[in-house]
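Residues per chain are reported as follows:
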Amino acid sequence: MADELILLDVHVSMFGMRVRVALAEKGIEYEYREENLANKSPLLLEMNPVHKKIPVLIHNGKPISESLIIVQYIDEVWTGKSPLLPSDPYQRAHARFWADFVDKKIFDAGRRIWTRKGEEQEAATKELIDALKLLEGELGEKAYFGGDKFGFVDMALITFYSWFYTYETCGNFSVEEHCPKLVAWAKRCMERESVSKSLADPKTVYEFVLMLKKKYGIE
């Protein structure tokens, strides 16, 4: 019997994009269902009753939540093509460390750039740039974070590339000016069909953020 796969997601979510990239890398077919987070579907509430968040991958009726956990699950279940994590235990732990760093540092600082003003926004912008510089240092002269192959850390970070335009526009700065090698890496990743077809358009993300700012009275 063929696997039944359903992805509950939101198009502009950097977390959902990770799962889409992973599924594309593996060449796995699935049913995509766009969620409205202002009116969450009964299926989402049933499948992720703890956090009630996207993305959720439903595999033969069983839900898996949290993007990095889903990506690891995909890698463990579909082992035949494009390994996403290194086989060496130390390298695997190292990749998980940096993916966790992305979640802890990039998302929070980025969110504060578009939800805050003045000194708070300036502090968030500095925090984001400092975190991106650390990631650029980890990348070094490598093509990808894991070496010559696109992998787990690349997948964790590249989806934020869709949000760089929003961060830059709201915070009035340029990522490329501060981290040129990281932007070159992002452009390299975008040459992969799995990435380019899975990431939301930066202008669409910005329009979504403007809608949220208006809705919540953030000017």
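Structure's up top.
Presented here is an overview of the structure given in this document. Fair warning: this is a prediction, and the values are worked out from it, not measured in the lab. (Residues numbered from 1 in each chain as written. Predicted model: local features only at pLDDT ≥ 70, side-chain atom pairs only at ≥ 80, totals over all residues. Heavy atoms only, no water.)

This part takes up the packing of aromatic side chains. Within this structure, the stated rule accounts for 9 aromatic pairs. When the ring of Phe97 is compared with that of Trp98, the centres are 5.2 Å apart and the planes differ by 90°; the resulting orientation is edge-to-face. Using a relative accessible area of 12% as the deciding quantity, one classes Trp98 as buried. Ring centres 5.3 Å apart and planes at 80° place the aromatic pair Phe145 and Trp185 in the edge-to-face group. Of the two residues, Phe145 is situated in the loop between helix 5 (118–139) and helix 6 (152–158) and Trp185 in helix 9 (residues 180–190); the sequence distance between them amounts to 40 residues. As far as the burial class goes, Phe145 and Trp185 line up, both buried. The structure contains a cluster of three or more aromatic residues connected by ring pairs, namely Phe15, Phe107 and Phe160. (Phe/Tyr/Trp six-rings, centres within 6.5 Å; stacked < 30°, edge-to-face > 60°. Buried < 20%, exposed > 50% of the residue type's maximum accessible area, 1.4 Å probe, protein only. Helix = DSSP H or I, 4+ residues; strand = E, 2+ residues; numbered from the N terminus.)

Counted as a void, the largest pocket has a volume near 1100 Å³. Phe15, Leu37, Ile54, Phe107 and Arg111 are, among the 33 residues lining the largest pocket, the residues nearest its centre. Broken down by secondary-structure element, the contributors of at least two residues to the lining of the largest pocket are helix 1 (14–26), helix 3 (67–77), helix 4 (89–115), helix 7 (161–171) and helix 11 (202–215). Here the lining of the largest pocket takes 5 residues from helix 4, the largest share from any one element. Taken together, the residues of the lining of the largest pocket break down into 19 nonpolar, 5 polar and 9 charged. As a volume, the second largest pocket reaches approximately 490 Å³. When contributions to the lining of the second largest pocket are tallied by element, the ones reaching two or more residues are helix 4 and helix 6. For the lining of the second largest pocket, the per-class residue count stands at 11 nonpolar, 6 polar and 5 charged. (1 Å grid on protein atoms, 1.4 Å probe; cavity = no way out; pocket = protein on both sides within 12 Å on 5 of 7 lines; lining within 4 Å. Points joined across faces, edges and corners; volume = space filled by probe spheres on them. Nonpolar A, V, L, I, M, F, W, Y, C, P; charged D, E, K, R; others polar.)

The strand order across the open sheet formed by 4 strands is 2-1-3-4, and the pairing between neighbours is mixed. Two strands bound the open sheet, and with one partner strand each, they are strand 2 (31–34) and strand 4 (62–65). In this sheet, neighbouring strand axes are inclined to one another by 20° on average, regardless of whether the strands run parallel or antiparallel. In this structure, strand 3 (residues 56–59) lies alongside strand 4, joined through 4 bridges in antiparallel fashion. In the strand pairing of strand 4, Val56 is matched with Ser65. Relative to strand 1 (residues 5–9), helix 1 is tilted by about 155°, and along the sheet it contacts strand 1, strand 2 and strand 3. Here helix 3 sits on the sheet and contacts strand 3 and strand 4; the angle it forms with strand 4, its principal contact strand, is near 125°. (Pairing = 2+ DSSP bridges. Axes fitted to C-alpha atoms, helices over the stretch in contact; angles between N-to-C directions. Contact = heavy atoms within 4.5 Å.)

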